[in-house]
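Residues per chain, in single letters:
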Amino acid sequence: MAKTIDPCTLVLFGASGNLSRVKLMPGLFRLDAAGRLPEHMAILSVGRSPVERDAWLADIKGMLDAKFKNGYDQKVFERFVARNHYFANASDDPDAYKKMAATLTDANTFPQNLAYFLSVRPTDFAPVVEQLSGVGLLDESKYWRRVLIEKPFGTDLATAQDLQARLTKHLKETQIYRIDHYLGKTAVQGIMLTRFANAIFEPLWNKDHIDHVQITNNEILGVGERTTFYDATGALRDMFQSHLLQTLALTAMEKPKDLKPESIRAEKIKLLQSIRPIDVKNLNKQAFRAQYAAGRVCVGDGHGENVAGYLDELKRDGIESSNTETYAAVKLFIDNPRWQGVPFYVRTAKRMHEGNVAISVKFKKSPMQLVDSQHQNWLVISIQPKETVKLEIESKIPGLDIATRTLSIDAPQRQTGDESIDSYETLMLNLMEGDPSQYLHISEVEAQWKLVDPIVKAWTADKSALHQYRAGDRDPKESGVIFDAEDQFWRYSIELGGDKH
Ligand SMILES: NC(=O)c1ccc[n+]([C@@H]2O[C@H](COP(=O)([O-])OP(=O)(O)OC[C@H]3O[C@@H](n4cnc5c(N)ncnc54)[C@H](OP(=O)(O)O)[C@@H]3O)[C@@H](O)[C@H]2O)c1
């Protein structure tokens, strides 16, 4: 059911940047088309260059034309552009924020509840908040004021806490919306419902019935043009620290007492805080890293394409050497009664043979091994490329002999005619609604960095050359070092008869 949104103004910092062009502006347009924006809602785009309003509206039209190749409703377009305004926040003007405050006092044009979306460089998050506070634009005495912080929130625990300290001089926790856009994905939100809306899963969701869980985020893509950014970041910080740990939290948390934002967050925080800290002395048995070498990957139409290795891509851009991982696999344990002793294998990699975001749950062996062909059951919750839930069961092969094969009960989450919503649309709506449940609490961010920091530190200190895997291959065999049992292996494609046995 649609929640009521107060009249408000969305102040979009970095409106001329890449994220805004590709996701935010088209997303706001789609929300408008779906009737989800309140009648009294304005968008004030903030960029650093001076741009006249007409030119900005023409620019917006270009963004929409690029995104919606099949056209869009002209009436909605007229309504949308009427909401849109531009403010030039010149970096060399010491009075720029005073002028912004003066612009925003026009209550007829700009409803006074203000949601700021900071789509700017992470180093600008705190300075923008400090400036907004300096001119009274964060004051909540009459109207609400919320600030959305793009990712990443810090690059380790210390920088995250530093940023937090700077923000909380001017903002209460309830005003801060820390983004992890994975939480806006329909299929990620569906994890909780799959678990708790189906009475058949909850009784099995524990150490007594589950052998292990795999949380996977593999990509066919390499680092592309983002070599400098990626080399300073690596797979652990880019994907694992937030997206994968959040997915793990939703998979493993206890049932919240209700669906209120604070109840869901409380359970996620508890879960993240109960993950056992990494034993750095035995890191080699708990974590594995590697880099992709040259190889051949599958492109959209099923054809192969030869691609360069990571180190060669870095050299092309003037970076001579690197021990940054493009493949990371980590084994985690959760110290609570539900999960004691169950390994959670979390992996993320670039340039793999398939793109795949999934949670794969392997159940324990049936108490009776009736025939040799009998496999363990798997439940695969796939988030990308397909949103689907698959349960694999053993079934008798018809015939004279007693033998089993694996059948799959397949429940595609997406059906013909279903809405397709981009995660940023959901998250922008939640920001305006005042619903922080799909945003990160500072305790979650801290717990995530606490877990990741020791691995990053150990890997940074270890200068030995990284294991190389050929682009387009499956996980390096050597990554199996983190498995607890000989019959554990990486789960691949969600297709029945895939590479799973
Ligand atoms: N792009 C993505 O898909 C993506 C995905 C996840 C997260 N993010 C995060 O989203 C943020 C934006 O990413 P992006 O790719 O859009 O970056 P970008 O293309 O560099 O855009 C940033 C924009 O912010 C503007 N800007 C900087 N300081 C400003 C200020 N004080 N007031 C107003 N505008 C200001 C810049 O204007 P000038 O051109 O005048 O400098 C630029 O247009 C980053 O924090 C990034 O980490 C992006």
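Fair warning: this is a prediction, and the values are worked out from it, not measured in the lab. Residue indices follow the written sequence of each chain, beginning from 1 at its first position. Given that the model is predicted, a residue must reach a pLDDT of at least 70 before its local features are reported, and side-chain atom pairs must reach 80 or more before they are shown or counted; all residues, however, enter totals for whole chains, interfaces and linings. The basis for every side-chain value is the complete set of heavy atoms in the structure, and neither hydrogens nor water enter the calculation.

J.: Hey, could you run me through the overall build of the chain in this one?
T.: Numbering of helices and strands runs from the N terminus, with a helix taken as a DSSP run of H or I at least four residues long and a strand as a DSSP run of E at least two residues long. Summing up its helical and strand segments, the chain has 13 helices and 17 strands in all. A compact globule built from 501 residues would reach a C-alpha radius of gyration of about 23 Å, and the chain, at 24 Å, matches this within 12%. In this analysis, two residues are considered to be in contact whenever any of their non-hydrogen atoms come within 4.5 Å of each other. Expressed as a percentage of contacts within the chain between residues at least 6 apart in sequence, the contacts between residues at least 24 apart total 75%. Values of accessible area rely on a 1.4 Å probe in the Shrake-Rupley scheme; residue burial ignores everything except the protein chains shown. Total accessible area computed for the chain in this model is approximately 23100 Å², and 54% of it derives from carbon and sulfur atoms. What the globule rule says is 2.2 Å times the number of residues to the power 0.38, and the radius of gyration is computed from C-alpha atoms.

J.: Please explain the domain arrangement of the chain as it appears in this structure.
T.: One frequent convention defines the size of an interface as the accessible area lost when the parts assemble. What marks off one domain from the next here is an automatic or database domain assignment. With domains assigned, the chain is organised as domain 1 (8–150) and domain 2 (183–419 + 441–482). Just the C-alpha atoms count here: the centres of domain 1 and domain 2 sit 36 Å apart.

J.: Explain the site of the ligand to me, please; I cannot follow it from the model alone.
T.: The full set close to the ligand counts 19 residues, and N18, L19, R48, V120 and K151 are the nearest of them. Within the side chain of S16, one N or O atom sits 3.2 Å away from an oxygen atom of the ligand. Here an oxygen atom of the ligand and a backbone polar atom of G17 are 3.4 Å apart. Notes on the ligand: free accessible area 890 Å², of which the protein chains cover 70%. Residue composition of the shell around the ligand, grouped by class: 8 nonpolar, 7 polar and 4 charged. Whether a residue is near a molecule or strand is decided by its heavy atoms; if any one of them lies within 4 Å of it, the residue is near. Pairs of N or O atoms within 3.5 Å make up the polar contacts considered here, provided that, within protein, one atom can donate a hydrogen while the other can accept it, and that residues adjacent in sequence are counted only when both atoms are side-chain atoms. Asp, Glu, Lys and Arg are counted as charged, while Ala, Val, Leu, Ile, Met, Phe, Trp, Tyr, Cys and Pro are counted as nonpolar; the rest, among them Gly, fall into the polar class.

J.: Explain helix 1 (residues 18–33) to me, please; I cannot follow it from the model alone.
T.: Helical periodicity: at 3.6 residues per turn, an α-helix aligns residues three or four positions apart in one direction. Under the convention used throughout, the expected extent of a helix is 1.5 Å for every residue step, that is, one less than its residue count. Between its first and last C-alpha atoms helix 1 spans 22 Å; for 16 residues at 1.5 Å apiece the expected length is 22 Å, and the two agree. The reported bend at a residue is simply the angle between two axes, fitted to the 7 residues ending at it and to the 7 residues beginning with it. In the structure, helix 1 departs most strongly from a straight axis at L24, where the bend amounts to approximately 30° and where the proline P26 lies between one and four residues downstream. For every residue, the accessible area obtained with a 1.4 Å probe (protein chains only) is divided by the maximum for its type, and the residue is called buried under 20%, exposed over 50%, and partly exposed between those limits. Residues S20, L24, M25, P26, G27, L28, F29, L31 and D32 constitute the buried set of helix 1. The positive-phi residue at the C-terminal boundary of helix 1 is G35, with phi of around 70°.

J.: I'm lost on the pairing of strand 5 (residues 145–149) in this one. Help?
T.: The two faces of the sheet receive side chains in turn, since in a regular strand these alternate between them. Counting buried positions along strand 5 yields 5 of 5 residues, so the element is predominantly enclosed. Side chains R145, V147 and I149 project from strand 5 onto one buried face, and the interleaved R146 and L148 project onto a second face that is buried too. Crossovers are marked right-handed if the path from the first strand over the helix to the second runs clockwise, as seen with the strands pointing away from the viewer. Between strand 4 (residues 114–118) and its parallel partner strand 5, the chain crosses via helix 5 (residues 125–134), and the hand of that crossover is right-handed. As defined by bridge partners, strand 5 adjoins strand 6 (residues 176–178) across 3 bridges and the pair is classed as parallel. Bridge pairing in strand 6 links V147 to I176. We treat two strands as partners when DSSP finds at least two bridges between them.

J.: Mind showing me how you'd approach the packing of aromatic side chains here?
T.: The description of two aromatic rings rests on the distance between their centres and on the angle between their planes. Stacked, tilted and edge-to-face are the three classes applied to pairs of Phe, Tyr and Trp rings, where Trp contributes its six-membered ring and a pair requires centres within 6.5 Å; stacked means planes under 30 degrees apart, edge-to-face means over 60, and tilted covers the rest. Per the stated rule, a full pass over the model turns up 21 aromatic pairs. With 5.3 Å between their ring centres and 70° between their planes, F29 and Y72 make a pair best called edge-to-face. Remark: Y72 occurs in the loop between helix 2 (53–67) and helix 3 (74–83) and F29 occurs in helix 1; sequence separation between them is 43 residues. The buried category is assigned to F29, whose relative accessible area is 4%. Centroid distance F68 to Y72: 6.3 Å. Interplanar angle 75°. Geometry classified as edge-to-face. By the burial criterion, F68 is buried, and Y72 matches it. What links up through ring pairs into an aromatic cluster is the set Y230, F288, Y292, Y310, Y327 and Y469. In this structure, R351 packs its charged tip against the face of Y292, placed 5.9 Å from the ring centre. Should the NZ of a Lys or the CZ of an Arg lie within 6 Å of a ring centre and within 35 degrees of the ring normal, that charge is described as sitting over the ring. Sitting above the plane of the W378 ring, R491 keeps its charged end 5.2 Å from the centroid.

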